[in-house]
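Fold and geometry: a report
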Amino acid sequence: MSCSDCKDIPLSTFPKQWTLFGSRCCSCWLETWLCPGGMEFAELIKTSRVDNVVLSRPFVPCVTGTLCVTSHHLLLSSRAAENMELWLLISNIDAIEKRSSVSSGTITIKCKDLCVMYLEIPGMEECLNIASSIEALSSLQSITQMYPYFYRPKNLNRQEGWNLFTTEEEFTRLSANTTNWRLSYVNKAFAVCPTYPDAVLVLRSVDDEMLKAVARFRQGGRFPVLSYYHRKNGMVIMRSSQPMPGANGKRCKEDEQFLAAVLQPDRKGFIIETRSIQATHQARVKGGGFETKANYPNWKRLHRPIDRGRGLQESLVKLVDACHDQSNSIDRWLNKMEASKWLSHVKTILTTACLAAQCVEREGASVLIHGSEGRDATLQLTSLAQIILDPACRTVFGFQALVEREWLKAGHAFQQRCASSAYSHARLKHEAPVFLIFLDCCWQLCRQFPCSFEFNERFLIALFEHAYASSFGSFLCNNEKERFTEKVQDNSISLWAWVNQPSQLNKFLNPLYEKNTFALWPSVAPQSLQLWQGLFLRWNRSAQHLEEAWDQTTHIMEQAKRKPTLTNQESPGQAE
């Protein structure tokens with residue numbers, strides 16, 4: 001057995017009655033081998049070790065070895081098969097199914113990264129105990145019990161990565177282009193809005209007292225803040241939650257003045273509402289609503305309903321079911337794909353993001369995007385619109401900044417939305433693959449413009465995997481306030497510290513990349529959108545040949561970059 005930070009340590013060298021908690025790395029300070037009962041995790045582990053367990057998983061030969069259940073991992077090691085092991089983060093387990101007989105049992109493990117594997121365990125009691133232990137450990141709710149609080153690789157430290165993308169630095173870059181916006185700490189200590197960071201970018205002409213009044217009129221205190229400034233024409237994209245006029249048509253003069261001040265003289269603005277007209281009218285009964293034309297005369301409201309909840313989750317479940325269908329019937333496959341409506345959701349989101357970008361680039365108008373809370377579909381649109389318009393967001397570093405700014409600091413509820421993937425039987429109320437379908441839209445853009453993105457498909461897949469189960473703390477909790485309360489930054493390592501290691505970063509680079517300063521206008525025609533096979537089919541068919549081709553492409557491009565350029569005096573023969 002081994003991990004990225006230490007050499008092999010055969011599991012057989014440790015007594016059977018001992019249990020491993022936290023990291024197993026011999027060089028990590030947290031490595032702790034304790035007898036059951038030494039930590040609270042031990043109470044959840046009914047059987048910590050079983051010999052002669054058979055592991056079956058995609059594209060890897062079956063292997064027999066010793067299975068250990070730890071506080072955060074399933075470990076399987078085999079002496080017979082060199083370099084054959086299982087190192088599975090328990091938080092990555094979405095669901096398990098068990099079948100047992102008198103002499104043995106089989107546990108089917110369905111992971112959040114969509115992989116399915118099987119463990120054949122000798123002994124009915126051992127099988128049931130292992131299954132029970134996995135279910136208990138994968139259901140931990142306390143943030144401080146999760147693996148990022150215990151992960152301590154020796155080549156990374158807790159200070160790296162957390163302060164790479166601050167609002168202050170964003171404001172410094174913005175100040176080079178305009179003086180119309182300012183940095184506000186009105187939300188210091190999260191006093192105004194619990195789902196916003198303490199620092200936000202707002203209109204300079206609007207003081208903090210007015211912001212507080214606007215926040216009281218917006219659901220959850222999410223007043224309009226700057227998402228993107230378009231340097232070409234000075235137009236902006238903002239995001240917020242819905243206003244709260246209610247059934248009585250309550251008004252907020254400060255809110256009306258705020259939005260009026262955003263617009264330049266003789267300019268119109270667009271409010272892209274991510275709910276249907278019917279949904280917005282229903283929201284008024286519950287105290288919510290929308291900006292009326294009479295009170296916001298220079299803003300035109302456009303309804304572009306985007307599914308963000310249970311419907312989107314069911315779509316993912318149906319898609320994954322179709323991808324695992326072994327019937328080999330083309331008609332059945334196409335029917336299941338159509339029934340999932342996944343690509344229809346992708347089309348709707350991309351179409352609406354293009355609309356927002358067109359309003360800014362071609363209409364010369366500013367845009368405000370919101371739904372009810374402004375934490376799901378709103379963030380999809382603001383992020384994709386920036387990728388379409390801004391070449392900086394298509395670099396590895398720029399995309400990290402975009403995710404940090406428009407998802408993490410903007411209050412997307414990762415812990416709730418990514419509580420389960422496609423296999424869980426729980427069907428929790430708040431789960432939805434909002435971030436995953438955003439990454440799918442990014443992949444569609446990368447596929448249509450293969451030379452315009454500095455990062456490759458592996459980078460997008462890595463973000464998907466870490467959003468659902470990670471050794472790092474970046475995606476923990478639901479907003480900045482929760483991360484501050486739980487001291488995530490003090491007790492875990494940032495994902496960006498790992499991503500930006502040169503050895504890791506090289507795996508995420510696109511060798512075909514050439515900076516494209518123009519806006520990208522993707523085709524959203526049905527024939528232009530494709531299933532993201534590299535994600536949804538990667539456990540169903542081998543990608544070995546595709547990986548080899550990609551590695552060869554990278555090698556060729558690196559050689560081409562190293563080849564000296566011919567001078568005017570040299571002929572091709574002389575250069576050789």
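Scope of this entry: the structure provided in the associated data block.

Cut-offs and rules
- Residues numbered from 1 in each chain as written.
- Predicted model: local features only at pLDDT ≥ 70, side-chain atom pairs only at ≥ 80, totals over all residues.
- Heavy atoms only, no water.
- Helix = DSSP H or I, 4+ residues; strand = E, 2+ residues; numbered from the N terminus.
- Buried < 20%, exposed > 50% of the residue type's maximum accessible area, 1.4 Å probe, protein only.
- Areas by Shrake-Rupley, 256 points an atom, 1.4 Å probe, with all protein chains shown as cover.
- Phe/Tyr/Trp six-rings, centres within 6.5 Å; stacked < 30°, edge-to-face > 60°.
- Lys NZ or Arg CZ within 6 Å of the ring centre and 35° of its normal.
- Contact = heavy atoms within 4.5 Å.
- Pairing = 2+ DSSP bridges.
- Axes fitted to C-alpha atoms, helices over the stretch in contact; angles between N-to-C directions.
- Salt bridge = Lys/Arg side-chain N within 4 Å of Asp/Glu carboxyl O.
- Core = buried A, V, L, I, M, F, W, Y, C linked by side-chain atoms within 4.5 Å.
- 1 Å grid on protein atoms, 1.4 Å probe; cavity = no way out; pocket = protein on both sides within 12 Å on 5 of 7 lines; lining within 4 Å.
- Points joined across faces, edges and corners; volume = space filled by probe spheres on them.
- Nonpolar A, V, L, I, M, F, W, Y, C, P; charged D, E, K, R; others polar.
- Patch = residues over 30% accessible without salt bridge, like charges linked within 9 Å, V, L, I, M, F, W, Y side chains within 5 Å.
- Lys, Arg positive; Asp, Glu negative; His and termini not counted.
- Charge placed at Lys NZ, Arg CZ, Asp CG, Glu CD.
- Parallel < 35°, antiparallel > 145°, perpendicular 65-115°, else oblique.
- Left-handed = near helix turned anticlockwise from the far one by under 90°.

What follows is about the overall build of the protein. Check the secondary structure of the protein and you find 20 helices and 16 strands. Within the protein, the proportion of its 576 residues that are buried is 55%. Of the roughly 25,800 Å² of accessible surface on the protein, a fraction of 51% belongs to carbon and sulfur atoms.

For the structure on display, the rule yields 24 aromatic pairs. Ring plane angle 75° and centroid distance 5.8 Å describe the contact between W342 and F536, whose orientation is recorded as edge-to-face. With W342 in helix α8 (residues 342–361) and F536 in helix α18 (residues 533–536), the pair connects residues that are 194 residues apart, well separated along the chain. The exposure class assigned to W342 is buried, which follows from its relative accessible area of 1%. Both rings, one in F414 and one in F475, keep their centres 4.8 Å apart while their planes meet at 65°; by these two values the pair is edge-to-face. Of this pair, F414 sits in helix α11 (residues 414–417) while F475 is found in the loop between α13 (457–468) and α14 (480–485), placing the two residues 61 residues apart along the sequence. Note on accessibility: F414 and F475 belong to one class, buried. Looking at R284, its charged tip hangs above the ring of F290, at a distance of 5.4 Å from the centre. Between R362 and the ring centre of W521, over which it is positioned, the NZ or CZ distance is 4.3 Å.

This part takes up the environment of E135. Note that E135 resides in helix α1 (residues 124–137). E135 sits in the partly exposed class, given a relative accessible area of 35%. Sequence-wise, E135 and I93 are 42 residues apart; in three dimensions their C-alpha atoms are separated by 8.8 Å. Setting aside its immediate chain neighbours within four residues, E135 contacts I96 and K98.

If you walk across this open sheet you meet the seven strands as β6-β5-β4-β3-β9-β8-β7, and the pairing is antiparallel. The open sheet has two edge strands, β6 (85–89) and β7 (93–100), and neither has a second partner. The average undirected angle you get between the axes of adjacent strands in this sheet is 25°. Contacting β3 (49–57), β4 (60–69), β5 (73–77), β7, β8 (104–111) and β9 (116–122), α1 crosses the sheet at an angle of about 165° to β7.

Moving on to the pattern of salt bridges. All chains considered together, the criterion is met by 21 salt bridges. Two residues, D325 and R332, come together in a salt bridge whose shortest N-O distance is 2.4 Å. When salt bridges that share partners are traced, they join E170, R239, R405 and E406 into one network.

Here we come to the nonpolar core. Within the largest apolar cluster, 132 residues are counted, with the highest numbers of intra-cluster contacts made by F399 and F536. Leave out the neighbours within four places in its chain, and F399 touches I387, A392, C393, F438, L439, C442, F455, F459, L460 and L463. In terms of nonpolar packing, the next biggest core, distinct from the first, is built from 33 residues, V186, Y196, L201 and Y296 among them.

Here we take up the pairing of β3. The pairing of β3 with β4 spans six bridges and is classified as antiparallel. Its bridge partner being in β4, R49 is matched across the sheet by C68. In this structure, β3 lies alongside β9, joined through three bridges in antiparallel fashion. Among the inter-strand pairings, V54 is bridged to a residue of β9, identified as E120.

This brings us to the layout of surface pockets. Here the second largest pocket is characterised by a volume of approximately 960 Å³. Elements supplying a minimum of two residues to the lining of the second largest pocket: β7, α1, α11 and α13. Take the lining of the second largest pocket: its biggest share by element is four residues, from β7. For the lining of the second largest pocket, the class distribution of residues is 24 nonpolar, 14 polar and four charged.

Together, K268, K293, K300 and R304 give the surface a local cluster of positive charge. Locating K293 in the fold gives a position in the loop between α5 (277–285) and β15 (299–303).

With that settled, the discussion passes to the packing of helix α6 (residues 310–323) against helix α7 (residues 330–340). Between α6 and α7, the least distance of the axes is 8 Å, while the angle of their chain directions is 165°. Put simply, α6 runs roughly antiparallel to α7. Classified by chirality, the crossing of α7 by α6 is left-handed. The segment α6 lies against α7, with S315, K318, L319, D321, A322 and C323 engaging W333, K336, M337, A339 and S340. Residue composition of the contact of α6 with α7, by class: six nonpolar, two polar and three charged.

Among the eight residues in β8, seven count as buried, and that is most of the element. Counted along the chain from β7 to the antiparallel partner β8, the turn is three residues long. Where β8 meets β9, seven bridges bridge the pair, whose relative direction is antiparallel. Note that in β9 the partner of I107 across the bridge is L119. The hairpin formed by β8 and β9 contains four residues between the paired strands, and L114 there has a positive phi angle of roughly 80°.

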